[in-house]
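Residues per chain, in single letters:
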Amino acid sequence: MSEQTGTNQGGFIERWAKRIPDPILLFMAFFVIAFVASVLLGGHSFESMGAGGELQTYSIRSMAEAEQVRWIFDNALLTNWLGFGGGVLGVILVVILAIGIAEQSGLLSALIKRMALLVPQSLLPLLLVLLGILSSLATDAGYLILIPLAGMLYAGMGKNPLIGMAAAFAGVSAGFSANLVPGTPIDVIIGVNAQAFAEAQGVPFANAAGEPLQAATMHYWFIATSTFVLAATGALVTRWFVQPRLERQSFVVPADLGLGEFALSPEERRGLVGAGIGLLVAAALIAGLILGPLAAFENAEGRRIVPYMNNVILLISLFFACVGLGFGIGAGTFKRAQDAVNAMVKQMNTIGYILVLTFFAYNFLGLLTYSGLGAWITYLGGQALLALSLDESPVLLLIGFVLATATINLFIGGLTSKWMLLGPIFIPMLYFVSPEMTPDLVSAAYRVADSATNVVSPMMMYAGIILAFMRRYRPELSFGEMLLMMVPYSAAFLVVWTTLLVGFYVFGIPLGF
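What counts, and at which threshold
Residues numbered from 1 in each chain as written. Predicted model: local features only at pLDDT ≥ 70, side-chain atom pairs only at ≥ 80, totals over all residues. Heavy atoms only, no water. Helix = DSSP H or I, 4+ residues; strand = E, 2+ residues; numbered from the N terminus. Buried < 20%, exposed > 50% of the residue type's maximum accessible area, 1.4 Å probe, protein only. Contact = heavy atoms within 4.5 Å. Areas by Shrake-Rupley, 256 points an atom, 1.4 Å probe, with all protein chains shown as cover. Lys, Arg positive; Asp, Glu negative; His and termini not counted. Charge placed at Lys NZ, Arg CZ, Asp CG, Glu CD. Core = buried A, V, L, I, M, F, W, Y, C linked by side-chain atoms within 4.5 Å. Salt bridge = Lys/Arg side-chain N within 4 Å of Asp/Glu carboxyl O. Phe/Tyr/Trp six-rings, centres within 6.5 Å; stacked < 30°, edge-to-face > 60°. Axes fitted to C-alpha atoms, helices over the stretch in contact; angles between N-to-C directions. Parallel < 35°, antiparallel > 145°, perpendicular 65-115°, else oblique. Nonpolar A, V, L, I, M, F, W, Y, C, P; charged D, E, K, R; others polar. Expected span 1.5 Å × (residues − 1). Arc of directions from axis to C-beta. Polar contact = N/O pair within 3.5 Å; in protein donor to acceptor, adjacent residues only side chain to side chain. Patch = residues over 30% accessible without salt bridge, like charges linked within 9 Å, V, L, I, M, F, W, Y side chains within 5 Å.

S.K.: What's the story with the overall build of the protein chain in this structure? I'm lost.
M.R.: Counting secondary structure elements, the protein chain contains 22 helices and 4 strands. Counting only C-alpha atoms and orienting by the principal axes, one finds that the protein chain spans roughly 70 × 60 × 55 Å. The buried share of the protein chain, taken over its 513 residues, is 52%. Intrachain contacts of the protein chain at a sequence separation of at least 6 include 80% that bridge at least 24 residues. Accessible area for the protein chain stands at about 22,400 Å²; split by element, carbon and sulfur atoms hold 67% of it. Once the 23 positive and 28 negative side-chain charges of the protein chain are each reduced to a mean point, those two points are 14 Å apart.

S.K.: Just checking my understanding: could you explain the nonpolar core for this structure?
M.R.: One broad trend across soluble globular proteins is that nonpolar side chains are buried collectively. The biggest cluster of nonpolar side chains holds 143 residues, and the ones touching the most others in it are Phe 222 and Met 482. The element that contributes the greatest number of residues to this core is helix H22 (residues 479-506), accounting for 15 residues. Not counting chain neighbours up to four residues away, the residues in contact with Phe 222 comprise Ala 444, Val 448, Trp 497, Leu 500, Leu 501, Phe 504 and Leu 511.

S.K.: Hey, could you run me through the pattern of salt bridges in this one?
M.R.: Opposite charge on two side chains permits them to pair, given that their charged atoms come into close proximity. Taken as a whole and judged by the stated rule, the model has 6 salt bridges. Arg 447 is the salt-bridge partner of Asp 187, the closest N and O atoms lying 2.7 Å from each other. Residue Asp 187 is located in helix H10 (residues 185-200), and its partner Arg 447 is located in helix H20 (residues 439-452); the two are separated by 260 residues in the primary sequence. This pair shows no difference in class: Asp 187 is buried, exactly as Arg 447 is. For Arg 474, the salt bridge goes to Glu 481, with nearest N and O atoms at 3.2 Å. Salt bridges linked by common partners bring Arg 474, Glu 476 and Glu 481 together as one network.

S.K.: Explain the packing of aromatic side chains here, please?
M.R.: For any two aromatic rings, the description comes down to two numbers: the centre-to-centre distance and the angle of the planes. This model, assessed by the stated rule, comprises 14 aromatic pairs. Between the aromatic rings of Trp 71 and Tyr 370, the centroid separation amounts to 3.9 Å while the plane-to-plane angle is 5°, which identifies the pairing as stacked. Of this pair, Trp 71 sits in helix H3 (residues 66-75) while Tyr 370 sits in helix H16 (residues 352-371), and the two are 299 residues apart along the sequence. A relative accessible area of 15% means that Trp 71 is categorised as buried. Ring centres of Trp 221 and Phe 513 lie 5.5 Å apart, and the angle between their planes is 50°; on these two criteria the pair is classed as tilted.

S.K.: What's the story with the environment of Met 115 in this structure? I'm lost.
M.R.: Tracing the sequence through the fold places Met 115 in helix H6 (residues 107-118). Sequence separation between Met 115 and Leu 153 is 38 residues; the distance between their C-alpha atoms is 8.0 Å.

S.K.: How should the packing of helix H21 (residues 463-470) against H22 be read in this particular structure?
M.R.: When two helices pack together, their arrangement is given by the angle between the helix axes and by the axis-to-axis distance. Across the interface, H21 lies against H22 with an axial gap of 10 Å and an inter-helix angle of 100°. Judged by the inter-axis angle, H21 sits roughly perpendicular to H22. Across the interface between the two elements, Ala 463, Gly 464, Ile 466, Leu 467 and Met 470 from H21 touch Phe 479, Met 482 and Met 485 from H22. A class-by-class count of the residues in the contact of H21 with H22 yields 7 nonpolar, 1 polar and no charged.

S.K.: In this structure, what is going on with helix H15 (residues 337-348)? I would like to understand it.
M.R.: The α-helix advances 3.6 residues per turn, and as a result positions three or four apart in sequence lie on the same side. The terminal C-alpha atoms of H15 lie 17 Å apart, and with 12 residues this matches the ideal 16 Å at 1.5 Å per residue to within 8%. For H15, the full list of buried residues reads Asp 339, Ala 340, Ala 343 and Gln 347. Taken around the axis of H15, the buried residues stretch over an arc of 100°, which confines them to a single face.

S.K.: It is not clear to me how the side chain of Asn 454 should be interpreted in this structure. Could you clarify?
M.R.: Residue position: Asn 454 is located in the loop between H20 and H21. Within the structure, the side chain of Asn 454 is placed 3.4 Å from the backbone oxygen of Asp 450, a separation counted as a polar contact. Other than its neighbours up to four places away in sequence, Asn 454 contacts Ser 173, Phe 176, Asn 409 and Met 460.

S.K.: Looking at this model, I keep getting lost on the environment of Asp 187. Mind explaining?
M.R.: The exposure class of Asp 187 is buried, given its relative accessible area of 8%. For Asp 187 and Thr 217, which are 30 residues apart along the polypeptide, the C-alpha to C-alpha distance reads 6.9 Å. Once residues within four sequence positions are removed from consideration, Asp 187 is found in contact with Val 181, Pro 182, Val 192, Ala 215, Ala 216 and Arg 447. In terms of polar contacts, Asp 187 uses its side chain to reach the side chain of Arg 447, at 2.7 Å.

S.K.: It is not clear to me how the side chain of Ser 490 should be interpreted in this structure. Could you clarify?
M.R.: Note that Ser 490 resides in helix H22. Within polar-contact distance, the side chain of Ser 490 engages the backbone oxygen of Ala 452 at 2.9 Å. When sequence neighbours within four positions are dropped, the list of residues in contact with Ser 490 reads Ala 452, Thr 453, Val 455 and Val 456.

S.K.: Any chance you could explain a nonpolar patch on the surface here in plain terms?
M.R.: The grouping of Val 273, Ile 277, Val 281 and Leu 285 at the surface amounts to a nonpolar patch, some 360 Å² of accessible area in total. Along the chain, Leu 285 turns up in helix H12 (residues 266-291). Owing to a relative accessible area of 42%, Leu 285 belongs among the partly exposed residues under this scheme.

S.K.: Even after reading the chapter, I still don't get helix H5 (residues 88-104), so can you show me in this structure?
M.R.: An ideal rise of 1.5 Å per residue puts 24 Å on 17 residues; H5 measures up with 24 Å between its terminal C-alpha atoms. For H5, the set of buried residues is Val 88, Leu 89, Ile 92, Val 95, Ile 96, Ala 98, Ile 99, Gly 100, Ile 101, Ala 102 and Glu 103.

S.K.: So what exactly am I meant to see when it comes to the environment of Ile 33 here?
M.R.: Among the secondary structure elements, Ile 33 is positioned in helix H2 (residues 23-41). Using a relative accessible area of 54% as the deciding quantity, one classes Ile 33 as exposed. Along the sequence, Ile 33 and Val 192 sit 159 residues apart, while their C-alpha atoms lie 36 Å from each other.

These results come straight from atomic positions and should not be treated as a statement about function.
So, in structure tokens, the structure goes:
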């Protein structure tokens, strides 16, 4: 009886997920809802703690006013769409051009055939989740390169490509804050601002032992440990929950992938030799750029600038283009320069959906931020946590902060924007409630919460793009089905990662150095 009930509930959830509209329709509706909400709440003000400890007043703009309507039209194309997130759409297009050369030359299918023979299939989920976690060093490369490649790898093995893509997506997005390298951009953003929030409001910027914190490395031991724990967790979730379900579902493999049998043809072998030459050329070009015009330097204010890290996506794209060209020339798939041009054009012809999606998604997110509704939703989440009155139990207070932030993340994207609102409130508040709630512990809790629910948030800027990638193998896949597919990863990462953080706290293990 209970088994039948569970089956019925599972069927109901799947039917409900299929009814969730296409992301484009969702963001059209969200835009209208946000516009109406701004009109209804226009002029409403609220106060929140600023970075310097002072009360800062926020107001919601009514977007129906003439000035705000002009803002919508003036910013719809350049600022809100093409310029959103510092030019995310441009990054997507550049990567697609480079991947077009690599894919149409035959390089990716040849590499997948070799990898399928060399890597034990039982270790693939672990490898994909781990690579996804580490890909945060290369900003958007995990979303735009690793996830599609994971799908191709599983397709080459005759397995449902969505299995590999889900595992990679979990590592890239839900494990976003973990890494093995200290001093990543995320470490700096979180750490430097945490220090500013603490010092401005009389909170010692020190750990539980009273030792001064280093902003960029104060979480390193916790984040490094998290990398391995989350990789294992993601692999187990894939094997126990995601893979058994997806193996029962049908999928299609586009004919132009050309995966075929795992045995490499003579042309592909010659292509790999050419790819090796292309790799050496790419390495020389990238090294020359990193040591030359893109080398680190100090500006007039004494601040260290690292241009090559700011351009890592372009460098990765250059790498794929060089290696792809080398393979195409060696294999004979590229006989003239026009062939490489045709490869880029063919790949670009597949992204019409992405262009439409990003137009509506990014304009909605721009409206949400500009109107002040995003800040207001974050403020309400913080106030809800304060209302729980968990000051007598530091562990419950820590868990409550994680859950509140994770919930806010479902509705409001952007690691930095949420931190700028939540950090000035909770770093001093939690410390004065319990001196054991030090700035490094509170900011580590924020990192856990901000990452774990990324994969089930429709507001995550790459959610619709990942759906477009997955629809290559299952055209009828709905947005709700994709989010439902990722729920086991999100829940497991949130529980395991929070437990790990509580363990560090309870046993007095330093979070970093």
